[in-house]
Structures are given as C-alpha cells and as structure tokens.
Amino acid sequence: MRFALALLATTLCAQTYDIVIANGRVMDPESGLDAIRNVGIRGRTIAAISASPLQGRTTIDARGLVVAPGFIDLHSHGQDDENYRYKARDGVTTALELEVGVSPVTPWYAERKGKSLINFGASSGHIPARMKVMHDQGTFLPHDEAAHRAATLTEQHETEDLIRKGLDEKALGIGLGIAYVPFATHPEILNVIRIAADRKVPVFVHIRSPGALEPGSVTESLQEMIADAAITGASIHVVHITSMANGQTGLMLEMMAGARKHGLDMTTEAYPYTAGETRLDSAIFDGNWQQQLGITFKDLQWVATGERLTAETYAKYRKDGGFVILHSIPEEAAREAMADPDVIVASDGMIFNGTGHPRGAGTYARVLGHYVRDEKALTLMNALRKMTIEPARRLEAMSPQMRLKGRIKVGADADVTVFDPARVIDKATFEKPNQYSEGIPFVLVNGVLVVRDGKLVEGVKPGVGVWSGP
Ligand SMILES: [Zn+2]
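Residues numbered from 1 in each chain as written. Predicted model: local features only at pLDDT ≥ 70, side-chain atom pairs only at ≥ 80, totals over all residues. Heavy atoms only, no water.

Attention shifts here to the side chain of R366. Position of R366 among the secondary structure elements: in helix α14 (residues 359–374). R366 gets classed as buried once you look at its relative accessible area, which sits at 17%. Here R366 is in contact with P272, Y273, Y371 and D426, once residues within four sequence places are set aside. (Helix = DSSP H or I, 4+ residues; strand = E, 2+ residues; numbered from the N terminus. Buried < 20%, exposed > 50% of the residue type's maximum accessible area, 1.4 Å probe, protein only. Contact = heavy atoms within 4.5 Å.)

Structure (structure tokens):
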C-alpha cells in the first residue's frame, strides 16, 4: 500500500512537467554533461534532468538533436521585434546592447517589457550620454559635435552624471566606443572607467583605433585599456577583437591572456565573419582608414544597395549617411578567434528592414555549422561554452539573473536551444542578410517555445529584461 502510494505520488509529480524535451543529447558546458537525457520544465524553470523518461503536457522529441543552454549575445544592436525574430531562429535567447548602450535607461527597458520575444538588456552608454550633452545630431552614433571635438570639463562631468544615472537605473555596466569619439582624451576615458570600478560593473569597449599603423595602432589602443584596468581595477570587455586587430588578432589575444595572468579582469569577443559593419558617416572614416585597415573603396559595400564603393560613391554616401560593410578581416584572424576557447561569440548584429550584415541573423548557426562541423576549428562543447556559460559569467558578478542563464541544470531558467548538429547552418549572406538560420528546430525562452518545428511561434512574448543588481 505504501509502495503503491509512493508510486502514485511519483506518477502525479511526473505529470506536472509543462514541457519535456525527451531523449536529446544534453550538452552543458558548465558541468561538462554530454549525455542522452530528458529535461523537464515547469513554469519558467528547468525542474528535472533525468536518464529515465519524464512525462509532460507537451513533449518535444529531441532524438538525434543537441539540447543546449540558450545562446547569450553580449553585442546585439538590433533591439526590436524584427531582430529578435532573427536571433531566436539563430538560437539566441538573450540579446544585449552593451557596446553602444543606451541613455536614458528606464524608458528603454519599459518599451520592451512584456513585448519581447527573447530576453533583452543594455548598458549605460557613454556614446548616447555624450551625444545628448554635446547636442550631437547623429542617430545611434555620433555625427558632428560628439564626433569632431573634445568635450569641455563641464560636458565631461555632465556625461559622467548621465552614465551614473543609467547605472542607478540598473543598466548592465558601461558601454564605451572610443573610436566613435576620437577627440575624447585619455583622461576623459580613464574617468569613465573609474566609474565602472567604483560601481563594480564591467565596461564594454570598442577601443580607440584598429590596425597595425603606428602611432594609433590597435596595440596602442589595447594597451590603453590594459593600463586603465590596472589603474582602476575595472573589469574590461573588448568588443569585436578581429575587426580591430585584423592580422594582429593573435598578438591581441596574447596580450589579453598576459593581462589576465597578471590579475586583470579582461575578456573579448568576436563574430565568425571576415567583414565588419558601421556607419559611413561616423568618425571611423575621418582619418587614414585605408592605411589603418589595409582596405580601399572596393572593400566597402553599401548596405542599402549591396554595391561596392568607388571614390565617387564613397564621397556621396558619406554625405548622405548610412551603414557600410567593411571587408577587412583576414579569414585566418576570424578562424583564430573562433578556435580560441577564451574568446566569447557575439554578433554585433543589427538588421533594419531586412538589410544589414549577415551576422545579425547567422552568427551562432555559422559557428556551429561552418567552424565546428565543416572546418573543425573547435569542438562543439567549446563552441557552446563560448556562446553560453562564458557570456553568462562575464555578467553574473553584477547581475544575479545571469547566474541562472547559460546552463542546463535544475533550477536554471528554461532558456534552451535544440539544434541538429548535422544540419545547423547560417543562411544569411552579405547580399541577402534577411534569411533565418536552419537546423535549429526548437528554442525556449523562460519555459515558452518561441521556435517550434523550425518555425517562429506567433503571439508569444516571454522575454524579460536583464538588469544589474538584485
Ligand atoms: Zn563596435
């Protein structure tokens, strides 16, 4: 009798899983688990991971598929429904705008609350704060005042106040794009990094300049960050290392490893492409960009039309303003960054009305399909580590929410990506970026299916804001 009751209780309990992901190859980079398991989800939480069968109201047959933590993108400029749809189809369950960041912070989160397909968040941005204080007319990136002159001391203090206000409103650290504000002095930047150290939050930085040309090389630019980290004790994350370093990517990775070895908290990220993207009317193109980047007009591709530029079209479009793709990153550099276990995968993506760089739609599937399966540049487990637990760890000292993400374990958020390791691949191209990745049939955000049988689920908005602090 007692046995029968216990059995009944077990059966009833087993039936309470809302969703069971059955018989998949569960891969969890934090614990190293790589085995066939059944995952039981209750509400928004992973409630069971079991070798024996589980019963649920909905069962997903994951035989032959990998069940991984949902991917976490630390660098996602596209923060609207159009972009969240591409992200979800690429396996991303949390997309964060940390490089440029936002200012003010509270309304930005409020606009997305209850309306977002995937989890979202942003840093308190130096760029938007400085643009506001200096009355820059640019949209998104500085265009005139903030791009082309130094800030007065008063303007610097007002900018710092706005950054602090954003942190008071629980933004995820500080965003910094020095290359877009080239007249920001070294002391101005150091003072921003001091704020991060005081508040114990990381800085996410697009460093001062790219390339090998001295003075103003990428080496010098990374050394500025290493020095500021050593001076202040701040944690510093350097964004898109390959598009800054190009042929010197190996040297930059070695420099950062050395800084870490000597006690500094420095990390970096890259996307799996041989081209970058930015605004043609930004300060990136003010100086000797051809020498710095080792490219010329034909290596620039105008996003709106897909055409390669000439000296004439360059001059015209720079005046008009808009996005441009820079074919500047050697394949060797992209591959080296993908293979390095310490380099986080991040997209830097933004799709606008179907146009943009393919990284906005294809980054994660491209790493899994192209670099892991086809090129064998890294193992599947290492790739997942760079997409899940490593970005979670980068944020979790300031954001307790991130301690429950990037993991398949009992008690973690049910942000889960289920993909076919034999089929997963990016479809977005430079000519046609608006194409969903393939081979990712199921994606869950906070226990809700957002991709089912390879299609987006309409009408669900389970994404929540990710904040710093409790
Ligand atoms: Zn950038």
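Here the narrative resumes, following the displayed structure.
Here the focus is the coordination of the zinc ion. The protein atoms donating to the zinc ion are E99 (OE), H206 (ND1) and H240 (NE2), with metal-donor distances spanning 1.8 to 2.4 Å. Counting along the primary sequence, the residues that act as donors to the zinc ion give the motif E-x106-H-x33-H. Here E99, found in strand β7 (residues 92–102), pairs with H240, found in the loop between β11 (236–238) and α9 (241–245); they are 141 residues apart in sequence, far enough to count as distant. Comparing E99 with H240 shows no difference in burial state: the two are buried. (Donors = N, O, S within 2.8 Å, 3.2 Å for Na, K, Ca; no water.)

Attention shifts here to the nonpolar core. One finds M266, L384 and F419 to be the most contacted residues of the largest nonpolar core, which totals 91 residues. The next biggest cluster of nonpolar side chains, apart from the first, holds 22 residues, and it includes I127, A151, F285 and L309. (Core = buried A, V, L, I, M, F, W, Y, C linked by side-chain atoms within 4.5 Å.)

To continue, consider helix α8 (residues 218–232). For α8, which comprises 15 residues, the first-to-last C-alpha distance of 21 Å matches the rise-based estimate of 21 Å (1.5 Å per residue) to within 8%. Among the residues making up α8, those that are buried are V218, T219, S221, L222, E224, M225, I226, D228, A229 and T232. Of the surrounding secondary structure, the elements contacted by the buried residues of α8 are α7 (186–199), β10 (203–206), β11, α9, α10 (249–261) and β12 (266–270). Of the residues flanking the start of α8, the one acting as N-cap is S217, its side-chain oxygen 3.3 Å from the backbone nitrogen of T219. Positive phi shows up at G233, right after α8, with a value of about 85 degrees. (Expected span 1.5 Å × (residues − 1). Polar contact = N/O pair within 3.5 Å; in protein donor to acceptor, adjacent residues only side chain to side chain.)

Turning to helix α6 (residues 153–168), a few remarks are in order. Its 16 residues give α6 an end-to-end C-alpha distance of 22 Å, which sits within 8% of 22 Å, the value for a rise of 1.5 Å per residue. Within α6 the residues assigned to the buried category are E155, Q156, T159, E160, I163, G166 and L167. Buried residues in α6, looked at end-on, bunch into an arc of 135 degrees, giving them a common side. Along α6, the residues that are exposed and aim more than 90 degrees away from the buried face are T154 and D168. (Arc of directions from axis to C-beta.)

Here we come to the packing of aromatic side chains. Taken as a whole and assessed by the stated rule, the structure comprises 15 aromatic pairs. When the centroid spacing of 6.3 Å and the interplanar angle of 80 degrees are considered together, the rings of Y273 and F430 count as edge-to-face. On the criterion of sequence distance, the pair formed by Y273 in the loop between β12 and β13 (276–279) and F430 in the loop between β19 (416–419) and β20 (442–445) is long-range, its members being 157 residues apart. Taking the relative accessible area as the measure of exposure, F430 reaches 19% and is therefore buried. Their ring planes at 70 degrees and their centres at 6.2 Å tell us that F285 and Y314 sit as a pair that is edge-to-face. Of the two residues, F285 sits in the loop between β13 and α11 (289–293) while Y314 sits in helix α12 (residues 311–320), which places them 29 residues apart along the sequence. You'll find F285 and Y314 in the same group, each marked buried. Here the aromatic residues W108, Y109, F120 and W467 are joined through ring pairs into a cluster of three or more. Just above the ring of F323 sits the side chain of R279; from NZ or CZ to the centre is 5.2 Å. Note that R359 overlies the ring of Y271, its terminal NZ or CZ placed 4.7 Å from the centroid. (Phe/Tyr/Trp six-rings, centres within 6.5 Å; stacked < 30°, edge-to-face > 60°. Lys NZ or Arg CZ within 6 Å of the ring centre and 35° of its normal.)

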